[in-house]
Amino acid sequence: MSKISKVPIEVSARHIHLTKKDFEKLFGKENPISPIKKLSQEGEFAAEEKVSLIGKDKRIDDVRVLGPFRKKSQVEIALTDAYHLKLNPLPKIKVSGDLANTTKILVHGPKGMIKAPCIIAQRHLHCSEEEAKKLKIKNNQIIKVKISGKRGLIFDEVVVRTNSKFRASVHLDTDEGNAAGISGKTFGEIVK
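The following paragraphs examine the structure supplied in this document.

Turning our eyes to something else, we now look at the pairing of strand E10 (residues 124-127). In E10, alternate side chains face the same way, and those of His124 and His126 on one face and Leu125 and Cys127 on the other are all buried. Here E10 runs beside strand E12 (residues 153-162); their pairing, made up of four bridges, is parallel. Within E12, the position partnered with His126 by the bridge is Arg161.

In this section: the nonpolar core. With 23 residues, the main nonpolar core has Leu18, Val51, Leu53, Val65, Val75, Ile105 and Val107 as its most contacted residues. Breaking this core down by element, the ones donating at least two residues are helix H1 (20-27), strand E4 (45-54), strand E5 (59-67), helix H2 (79-85), strand E8 (103-108) and strand E9 (113-121). Here this core takes four residues from E4, the largest share from any one element. Not counting the four nearest positions on each side in its chain, Leu53 is found in contact with Lys58, Arg59, Ile60, Val63, Val75, Ile77, Leu85, Ile105, Leu106 and Val107. Counting 19 residues, the second largest nonpolar core, distinct from the first, contains Ile147, Ala168, Leu172 and Ala180.

Moving on: the layout of surface pockets. Rolling a probe over the atoms, with the probe sized like a water molecule, indicates the empty space that remains. The computed volume of the largest pocket comes to approximately 1100 Å³. In terms of lining, the largest pocket is formed by 46 residues, of which the most central are His17, Leu39, Glu44, Leu66 and His171. Put simply, the second largest pocket is a space of about 200 Å³. Elements represented by at least two residues in the lining of the second largest pocket include exactly E9, E12 and helix H4 (174-179). Per-class residue counts for the lining of the second largest pocket are four nonpolar, one polar and six charged.

Conventions we followed
Residues numbered from 1 in each chain as written. Predicted model: local features only at pLDDT ≥ 70, side-chain atom pairs only at ≥ 80, totals over all residues. Heavy atoms only, no water. Buried < 20%, exposed > 50% of the residue type's maximum accessible area, 1.4 Å probe, protein only. Helix = DSSP H or I, 4+ residues; strand = E, 2+ residues; numbered from the N terminus. Pairing = 2+ DSSP bridges. Core = buried A, V, L, I, M, F, W, Y, C linked by side-chain atoms within 4.5 Å. Contact = heavy atoms within 4.5 Å. 1 Å grid on protein atoms, 1.4 Å probe; cavity = no way out; pocket = protein on both sides within 12 Å on 5 of 7 lines; lining within 4 Å. Points joined across faces, edges and corners; volume = space filled by probe spheres on them. Nonpolar A, V, L, I, M, F, W, Y, C, P; charged D, E, K, R; others polar.

In structure tokens form, the structure reads like this:
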């Protein structure tokens, strides 16, 4: 395998993306979404609002809402979360936005509840088309990303996602980040 380039690694905790309609069901029509922190991808942010995910006999509270609003609502969790919630069937590993045949989960907000599709997001690399050209990769290509360190490993099955608004960044879930011992600012290497 030859090394190609270094890219920032971000560990993404459990979160929910909502449509405006579902946001209003959970938080009320009179309450606007309240951004508190910009995320690395242009226009995306963490909101002040949080929800609870309700499983068979367990729950996870304080799940962050991310904005802006999307065309479809979706919950993204790690496999450990799915085990904790005793979800059956377990959520599938899917590219964000691919909600066909997904497990639904009950989402509780201060003003109401919804059922939303729940996935384990496939590890992925966001990048602009220009960055993809420089890295000699293309949209939907599957690559490997190497993390160095005492718990270093190579993540296979990393899907490339390109968009003019994206900036190069690999997104892993908390299970993956913990497996690689990631804490603080970390970079990975794209390998072929």
